[in-house]
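As a plain string of letters, each chain reads:
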Amino acid sequence: MKKILMTGAAGVVGTFLRGEFRGRYHLRLTDMAAIDDCGTDEEYVKADLSNLEAIQNAVAGVDGIIHLGGYSVEREWESILNANIIGCYNIYEAARLNGVKRIVFASSNHAVGFYERETTIDHTDRTRPDTRYGLTKVFGESLGSLYADKYGAEVMNIRIGNVAEQPIDVRRLSIWISPRDLAQLISIGLEHPDINYEIVYGMSDNKRAWWNNANAQRLGYAPQDRSEEYAAEVLAEHSADTGDALADALQGGDFVTAESIIHPA
């Protein structure tokens, strides 16, 4: 059983994945929040992402890394800088120092949030971050590219939409991914023999998708779940996401209007 480091393991996504990976990997779980319900194939290590020495200790002896850690919403710059940028650098550098090649980076749809919903994009389109948070995900993707080219890291970046048991609003019908589909994508990132540097979208088989996920399919991804099964229920309760014309026109939703100075009439 491979030993895999999972950062940010106390969060919502980490909690889902712990259940999905039970019996498949031995998980070394890190987070600033304590995890006191470890199973037989889990261990908890408290580690601050901004502390390189602590991250080196957490990385030592693992076969791969799932990097979920950091803030997943917009924050003031200092918090974002320490957790999402310095923390991401420390993960890659600790992996290099410990000879760990395989890294799955939890990127985000907010790295491309300023695209219109009527536009279908794929992994080759330029990044258009919608927040400081989205910008940190672009940084993480670029950092992975550097470490892949310069140090031989094997990196999968997953631009995650929304991870939940089911989609709950209009926007999520386009970007939703079930926990088991995300677990499948992550396993491809950890185990596919030919990963060098890849960008894929973290979504299930969504009829209303804004993303062409052919690159994930090329690597063997075959999502099992479909957001359309929940569409009638969602649309009966919601006609739009926010009522804000700009937020509802762009893929990033209300992230694109957070702290905006210029807003169309």
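Heads up: the structure comes first, above all this text.
Every value quoted in this text rests on a predicted model; they were computed, and no experiment measured them.

Caption draft 1: Looking closely at the overall build of the protein. Scanning the protein from terminus to terminus reveals nine helices and nine strands. Considered along the principal axes of its C-alpha atoms, the protein spans approximately 55 × 40 × 35 Å. Long-range contacts, defined as pairs at least 24 residues apart, comprise 66% of the intrachain contacts of the protein with a sequence gap of at least 6. Summed over all atoms, the accessible surface of the protein reaches about 11,800 Å², with 48% contributed by carbon and sulfur.

Caption draft 2: The arrangement of the packing of helix α3 (residues 77–98) against helix α4 (residues 132–151) in detail. Closest axis-to-axis distance for the α3/α4 pair is 10 Å, and the angle between their directions is 15 degrees. Taken together, α3 and α4 sit at an angle that is classed as roughly parallel. Like other packed secondary-structure pairs, α3 and α4 cross with a definite hand, here right-handed. Taking contact as the criterion, the partners of Trp-77, Ile-80, Asn-84, Ile-85, Cys-88, Tyr-89, Tyr-92, Glu-93 and Arg-96 in α3 are, on α4, Arg-132, Tyr-133, Thr-136, Phe-139, Gly-140, Leu-143, Gly-144, Tyr-147 and Tyr-151. Here the contact of α3 with α4 is composed, by residue class, of eleven nonpolar, four polar and three charged.

Caption draft 3: Structural view of the layout of surface pockets. By volume, the largest pocket is sized at about 1,000 Å³. Looking at the largest pocket, it is lined by 43 residues, and the ones nearest its centre are Gly-70, Tyr-71, Ser-72, Val-73 and Tyr-133. Listed by contribution, the elements that provide at least two residues to the lining of the largest pocket are α1 (12–21), β2 (26–31), α3, β5 (102–108), α4, β7 (162–163) and α5 (170–175).

Caption draft 4: Structural view of the packing of aromatic side chains. One pass over the structure, following the stated rule, counts six aromatic pairs. Ring plane angle 45 degrees and centroid distance 5.5 Å describe the contact between Tyr-92 and Tyr-147, whose orientation is recorded as tilted. Remark: Tyr-147 occurs in helix α4 and Tyr-92 occurs in helix α3; sequence separation between them is 55 residues. There is no split in this pair, since Tyr-92 and Tyr-147 are both buried.

Caption draft 5: Spatial organisation of the sheet that holds strand β3 (residues 42–46). Read across the open sheet, the seven strands follow the order β3-β2-β1-β4-β5-β6-β9; overall the sheet is parallel. The open sheet terminates on both sides in strands that have one partner only, identified here as β3 and β9 (197–202). Strand-to-strand twist of the sheet, defined as the mean angle between neighbouring strand axes without regard to direction, takes the value 20 degrees. Two strands pair when backbone bridges link them, and strand β4 (residues 64–67) and β5 are joined in this way by four bridges, in the parallel orientation. Its bridge partner being in β5, His-67 is matched across the sheet by Phe-105. Lying on the sheet, α1 is in contact with β1 (3–7), β2, β3 and β4; it crosses β1 at an angle near 165 degrees. Contacting β1, β2 and β4, helix α2 (residues 52–59) runs over the sheet at an angle of about 165 degrees to β2.

Caption draft 6: Structural view of α3. Its 22 residues place the ends of α3 30 Å apart at the C-alpha level, agreeing with the 32 Å of an ideal helix rising 1.5 Å per residue. Along α3, the sharpest change in direction is near 30 degrees and occurs at Gly-87.

Caption draft 7: Region of interest: the nonpolar core. Formed by 29 residues in total, the largest nonpolar core has its most connected members in Met-6, Leu-17, Phe-21, Ile-66, Ile-158, Leu-182 and Ile-186. Not counting the four nearest positions on each side in its chain, Met-6 is found in contact with Gly-14, Leu-17, Arg-18, Phe-21, Leu-27, Arg-28, Leu-29, Thr-30, Ile-66 and Leu-68. Counting residues in hydrophobic clusters, the runner-up holds 20 residues, among them Cys-88, Tyr-92, Ala-94 and Val-100.

Caption draft 8: Seen up close, the side chain of Glu-93. For Glu-93, the location among the structural elements is in helix α3. One polar contact links Glu-93 to Arg-96, side chain to side chain, over a distance of 2.5 Å. For Glu-93, the contacting residues outside a window of four places in its chain are Leu-52 and Tyr-147.

Caption draft 9: Just the pattern of salt bridges, in detail. Applying the stated criterion across every chain yields a total of 13 salt bridges. In this structure, the salt-bridge partner of Lys-3 is Glu-43, at a minimum N-O distance of 3.6 Å. Within this pair, whereas Lys-3 is found in strand β1, its partner Glu-43 is found in strand β3, the two being separated by 40 residues in sequence. Under the relative-accessibility criterion, Lys-3 is labelled partly exposed at 25%. Since its relative accessible area comes to 23%, Glu-43 is described here as partly exposed. Here Arg-18 ties to Glu-42 by a salt bridge, and the two come within 2.8 Å at their closest N and O atoms. Residue Arg-18 is located in helix α1, and its partner Glu-42 is located in strand β3; the two are separated by 24 residues in the primary sequence.

What counts as what
- Residues numbered from 1 in each chain as written.
- Predicted model: local features only at pLDDT ≥ 70, side-chain atom pairs only at ≥ 80, totals over all residues.
- Heavy atoms only, no water.
- Helix = DSSP H or I, 4+ residues; strand = E, 2+ residues; numbered from the N terminus.
- Contact = heavy atoms within 4.5 Å.
- Areas by Shrake-Rupley, 256 points an atom, 1.4 Å probe, with all protein chains shown as cover.
- Axes fitted to C-alpha atoms, helices over the stretch in contact; angles between N-to-C directions.
- Parallel < 35°, antiparallel > 145°, perpendicular 65-115°, else oblique.
- Left-handed = near helix turned anticlockwise from the far one by under 90°.
- Nonpolar A, V, L, I, M, F, W, Y, C, P; charged D, E, K, R; others polar.
- 1 Å grid on protein atoms, 1.4 Å probe; cavity = no way out; pocket = protein on both sides within 12 Å on 5 of 7 lines; lining within 4 Å.
- Points joined across faces, edges and corners; volume = space filled by probe spheres on them.
- Phe/Tyr/Trp six-rings, centres within 6.5 Å; stacked < 30°, edge-to-face > 60°.
- Buried < 20%, exposed > 50% of the residue type's maximum accessible area, 1.4 Å probe, protein only.
- Pairing = 2+ DSSP bridges.
- Expected span 1.5 Å × (residues − 1).
- Bend = angle between axes of the 7 residues up to and from the residue.
- Core = buried A, V, L, I, M, F, W, Y, C linked by side-chain atoms within 4.5 Å.
- Polar contact = N/O pair within 3.5 Å; in protein donor to acceptor, adjacent residues only side chain to side chain.
- Salt bridge = Lys/Arg side-chain N within 4 Å of Asp/Glu carboxyl O.

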